[in-house]
Amino acid sequence: MKTFYIETYGCQMNVSDSELVVSLLKDKGYKHTDNYKNSDIILVNTCAVRAKAELRVKGKLTLYKNLKKSKPDLTVGLLGCMAQRTKDKLLEQEPVLDFIVGPDAYRDLHNLIEKAEIGQRAANVILSKEETYEDIAPVRLDKNGVSAFVSISRGCDNMCSFCIVPFTRGRERSRSDKSIIEEVKDAFAKGYREVTLLGQNVDKYYFEETNFAQLLQKVANIDEKLRVRFSTSYPQDFSNELIQIMASYKNICKSIHLPVQSGSTRILEKMRRGYSREWYLDRIKAIKETLPTCSISTDIIAGFCSETDEDHKETLSLLELLKFDSAFMFKYSERPNNYAQRNYIDDVTEETKSRRLSEIIELQSKLSYQSNEKDMGKTFEILVEGTSKRSEKRLFGRNTQNKVIIFDCDKKIIGKYVNVKVTSFTQATLLGEICS
Ligand code: SAH
Ligand code: F3S
């Protein structure tokens with residue numbers, strides 16, 4: 001029996017895709033291993049969203065190139081968004097690679113592996129308008145068995161000008177609600193107590209008569225002991241109906257990731273996001289009115305094409321105004337052949353991008369700290385997910401707002417709901433004591 005090892009870069013969707021790949025290959029008689037050194041096949045599931053993500057993968061390929069010198073029969077395959085973006089060009093540049101496979105072609109993986117074994121190098125980067133892998137039961141890679149990712153849609157039709165995802169993941173398509181419900185029920189029966197519904201823009205989910213708010217309701221109805229999260233939402237499509245559904249179910253977590261990207265309407269237009277600063281502020285107002293305890297996180301890009309200091313200040317002022325609980329912050333990275341690369345000049349210098357990014361990070365760190373400070377002394381119901389990275393004796397879980405709380409207790413409560421009182425905090429985490 002041949003063994004394979006898979007490593008995953010990038011977003012949660014990639015983690016979810018790796019779980020599909022493990023399932024597909026196990027069905028074909030391959031054995032999954034966590035140790036690349038003993039593996040016959042190494043698969044690298046990649047991200048292409050920023051140049052840095054691709055550089056990291058290239059570094060990893062050098063390691064596998066060296067390994068292949070002592071193990072000439074080793075098969076190495078590149079999966080995911082970087083594979084889709086570079087297509088067979090990368091086969092020429094990287095002799096270590098035996099095959100390349102894009103996100104919609106994983107059903108062909110075993111064929112590509114078999115070809116590689118007889119010395120034929122190949123790429124399958126065909127994008128599909130229909131593929132949702134909905135008949136594949138993912139093999140969960142998270143060892144705790146508490147929280148599971150469930151993908152509900154694939155691809156993206158938004159075409160934000162800076163983004164490569166529509167080119168690497170293809171057209172937007174939704175998976176049937178029936179297959180999603182079945183997968184969630186199955187996870188619950190296996191002991192999972194939280195699911196995160198995944199899509200590049202979950203708000204655009206639509207299958208036959210079911211929209212995203214209705215899907216969320218159906219999932220929440222499965223069991224009140226099952227927590228439901230979702231990611232990622234899109235400001236333009238974030239509906240009042242969704243806010244109402246969130247308010248009516250205790251088990252729909254009060255936490256929303258709503259990427260804003262910039263606080264300047266002029267830049268948002270250039271980004272082709274389809275909303276203005278005012279529109280975004282109005283969405284947050286609507287959320288806060290109905291869900292006052294809901295946490296909100298965001299994504300920010302610093303130094304997009306033509307961004308001035310004035311635009312940058314508007315981003316800072318938006319952060320200050322909205323006081324996000326947390327944020328992912330990036331320097332703009334030009335990506336080949338998307339709208340921004342073809343139509344604009346990447347004219348903000350590296351130095352300015354770095355300065356603006358550090359100003360954004362500095363401000364957000366202060367705000368994240370303040371957000372945690374407000375939780376001091378409060379008691380939260382948390383779902384215990386596992387042991388903390390630093391020590392086996394320390395456990396961690398999340399509250400409904402998606403904040404991590406670390407506390408001491410016996411491992412046997414993993415997967416259970418407990419009340420924990422916050423006793424101290426850092427900018428990144430809350431520390432607490434279990435309430436008996
Ligand atoms: N809708 C997707 C977005 C994927 S990309 C989702 O499910 O999260 C994640 C984030 O990366 C974006 O929100 C954006 O802030 C950032 N990003 C995308 N393209 C980028 C680029 N070219 N340079 C820098 N950051 C980028
Ligand atoms: Fe990218 Fe915009 Fe879609 S950021 S993934 S094109 S919503």
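None of the values given here were measured: they were computed from a predicted structure.

**Quick look at the pairing of strand β7 (residues 147–151)**
Here comes step 1: Most of β7 sits out of view: 4 of its 5 residues are buried.
Here comes step 2: Bridging between β7 and strand β10 (residues 194–198) involves 5 bridges; their strand directions are parallel. Within β10, the residue paired with V150 across the bridge is L197.

**Structural notes on the site of ligand 2**
Here comes step 1: As a structural note, the neighbourhood of ligand 2 is formed by C156, N158, M159, C160, F162, C163, V165, P166, Q200, Y234 and R273.
Here comes step 2: Partitioning the shell around ligand 2 into residue classes produces 8 nonpolar, 2 polar and 1 charged.

**Some words on the domain arrangement of the protein**
Here comes step 1: As assigned here, the protein comprises domain 1 (3–124), domain 2 (142–253), domain 3 (288–373) and domain 4 (379–434).
Here comes step 2: Just the C-alpha atoms count here: the centres of domain 1 and domain 3 sit 33 Å apart.
Here comes step 3: The interface of domain 1 with domain 3 comprises 6 residues on the first partner and 5 residues on the second.
Here comes step 4: Here domain 1 and domain 3 share 1 salt bridge between them.
Here comes step 5: For the salt bridge of R335 with E54, the shortest nitrogen-to-oxygen distance reads 2.9 Å.
Here comes step 6: Joining domain 1 to domain 3, the criterion identifies 3 residue pairs in polar contact (both at pLDDT 80 or more).

**Side note on the site of ligand 1**
Here comes step 1: As a matter of local geometry, ligand 1 sits amid 14 residues, with Q200, T232, Q261, D299 and S333 nearest to it.
Here comes step 2: Here a nitrogen atom of ligand 1 sits 3.0 Å away from a polar atom, N or O, in the main chain of F162.
Here comes step 3: Q261 has a polar side-chain atom sitting 2.7 Å from an oxygen atom of ligand 1.
Here comes step 4: When isolated, ligand 1 has an accessible area of 550 Å², and the protein chains bury 86% of it.
Here comes step 5: Those elements that place two or more of their residues in the shell around ligand 1 are β15 (295–302) and β16 (326–331).
Here comes step 6: The residue makeup of the shell around ligand 1, split by class, is 5 nonpolar, 5 polar and 4 charged.

**Thoughts on the layout of surface pockets**
Here comes step 1: Of the voids in this model, the second largest pocket is the one considered here, and its volume is about 410 Å³.
Here comes step 2: Sorting the residues of the lining of the second largest pocket by element identifies α11 (277–290), β15 and α14 (350–373) as the ones contributing at least two each.
Here comes step 3: The biggest single contributor to the lining of the second largest pocket is α14, with 3 residues.
Here comes step 4: Among the residues forming the lining of the second largest pocket, the class breakdown is 8 nonpolar, 5 polar and 7 charged.
Here comes step 5: Two domains each donate at least three residues to the lining of the second largest pocket, and these are domain 3 (288–373) and domain 4 (379–434).

**Some words on helix α7 (residues 177–189)**
Here comes step 1: For α7, spanning 13 residues, the distance from its first C-alpha to its last is 18 Å, which sits close to the expected 18 Å at 1.5 Å a residue.
Here comes step 2: Those residues of α7 lying buried are D177, S179, I180, I181, E183, V184, A187 and F188.
Here comes step 3: In this structure, the buried side of α7 is in contact with β7, β10, β11 (206–207), β12 (210–211) and α8 (212–220).
Here comes step 4: In the stretch just after α7, G191 is the one whose phi turns positive, near 105°.

**So, unusual backbone geometry**
Here comes step 1: Cis geometry is adopted by the peptide bond preceding T232, which originates at S231 and carries an omega value of 10°.
Here comes step 2: By the secondary structure assignment, T232 is in the loop between β13 (227–231) and α9 (240–248).
Here comes step 3: Backbone geometry at N337 places phi at a positive 70°, although glycine is not the residue there.
Here comes step 4: Mapped onto the elements of the fold, N337 is located in the loop between β16 and α13 (339–343).

**Here's the deal with the sheet that holds strand β2 (residues 31–32)**
Here comes step 1: What the 6 strands build is an open sheet, ordered β2-β1-β3-β4-β5-β6; its pairing is parallel. Either end of the sheet is taken by a strand with one partner, and the two such strands are β2 and β6 (122–124).
Here comes step 2: Relative to strand β3 (residues 41–46), strand β1 (residues 3–8) runs parallel, the two being bridged by 5 bridges. Opposite I6, over in β3, you have L43 as the bridge partner.
Here comes step 3: Strand contacts of helix α1 (residues 12–27): β1, β2, β3 and β4 (75–80), with the helix running at about 170° to β1, the strand carrying the most contacts.
Here comes step 4: Lying on the sheet, helix α2 (residues 51–70) is in contact with β1, β3 and β4; it crosses β3 at an angle near 175°.

**Points about the environment of I360**
Here comes step 1: Positionally, I360 belongs in helix α14.
Here comes step 2: On a C-alpha basis, the gap between I360 and M159 in space is 25 Å, while along the polypeptide they are 201 residues apart.

**Digging into the packing of aromatic side chains**
Here comes step 1: The tally for this structure, following the rule as stated, stands at 12 aromatic pairs.
Here comes step 2: Judged by centre distance (6.3 Å) and plane angle (55°), the ring pair of Y280 and F324 falls under tilted. Within this pair, whereas Y280 is found in helix α11, its partner F324 is found in the loop between α12 (309–322) and β16, the two being separated by 44 residues in sequence.
Here comes step 3: When its relative accessible area of 0% is taken as the criterion, Y280 is described as buried.
Here comes step 4: Pairwise contacts between aromatic rings join F162, F304, Y332, Y339 and Y344 into one cluster.
Here comes step 5: Taking the ring centre of F330 as reference, the NZ or CZ of R50 above it sits at 3.7 Å.
Here comes step 6: The side chain of R193 reaches across the aromatic face of F188, ending 4.0 Å from its centre.

**A closer look at the sheet that holds β13**
Here comes step 1: One open sheet accounts for 3 strands, arranged β7-β10-β13; its pairing is parallel. A single partner strand is all that each edge strand has here, and the edge strands are β7 and β13. For this sheet, the mean angle separating the axes of adjacent strands, direction not counted, is 25°.
Here comes step 2: Pairing geometry for β10 and β13, over 5 bridges, is parallel. The residue of β13 that forms the bridge with L197 is F230.
Here comes step 3: Seen against the sheet, α7 touches β7 and β10 and runs at an angle of roughly 170° to β7.

Scoring rules and cut-offs
Residues numbered from 1 in each chain as written. Chains lettered and ligands numbered in written order. Predicted model: local features only at pLDDT ≥ 70, side-chain atom pairs only at ≥ 80, totals over all residues. Heavy atoms only, no water. Buried < 20%, exposed > 50% of the residue type's maximum accessible area, 1.4 Å probe, protein only. Helix = DSSP H or I, 4+ residues; strand = E, 2+ residues; numbered from the N terminus. Pairing = 2+ DSSP bridges. Near = heavy atom within 4 Å. Nonpolar A, V, L, I, M, F, W, Y, C, P; charged D, E, K, R; others polar. Domains from an automatic or database assignment. Contact = heavy atoms within 4.5 Å. Salt bridge = Lys/Arg side-chain N within 4 Å of Asp/Glu carboxyl O. Polar contact = N/O pair within 3.5 Å; in protein donor to acceptor, adjacent residues only side chain to side chain. Areas by Shrake-Rupley, 256 points an atom, 1.4 Å probe, with all protein chains shown as cover. 1 Å grid on protein atoms, 1.4 Å probe; cavity = no way out; pocket = protein on both sides within 12 Å on 5 of 7 lines; lining within 4 Å. Points joined across faces, edges and corners; volume = space filled by probe spheres on them. Expected span 1.5 Å × (residues − 1). Axes fitted to C-alpha atoms, helices over the stretch in contact; angles between N-to-C directions. Phe/Tyr/Trp six-rings, centres within 6.5 Å; stacked < 30°, edge-to-face > 60°. Lys NZ or Arg CZ within 6 Å of the ring centre and 35° of its normal.

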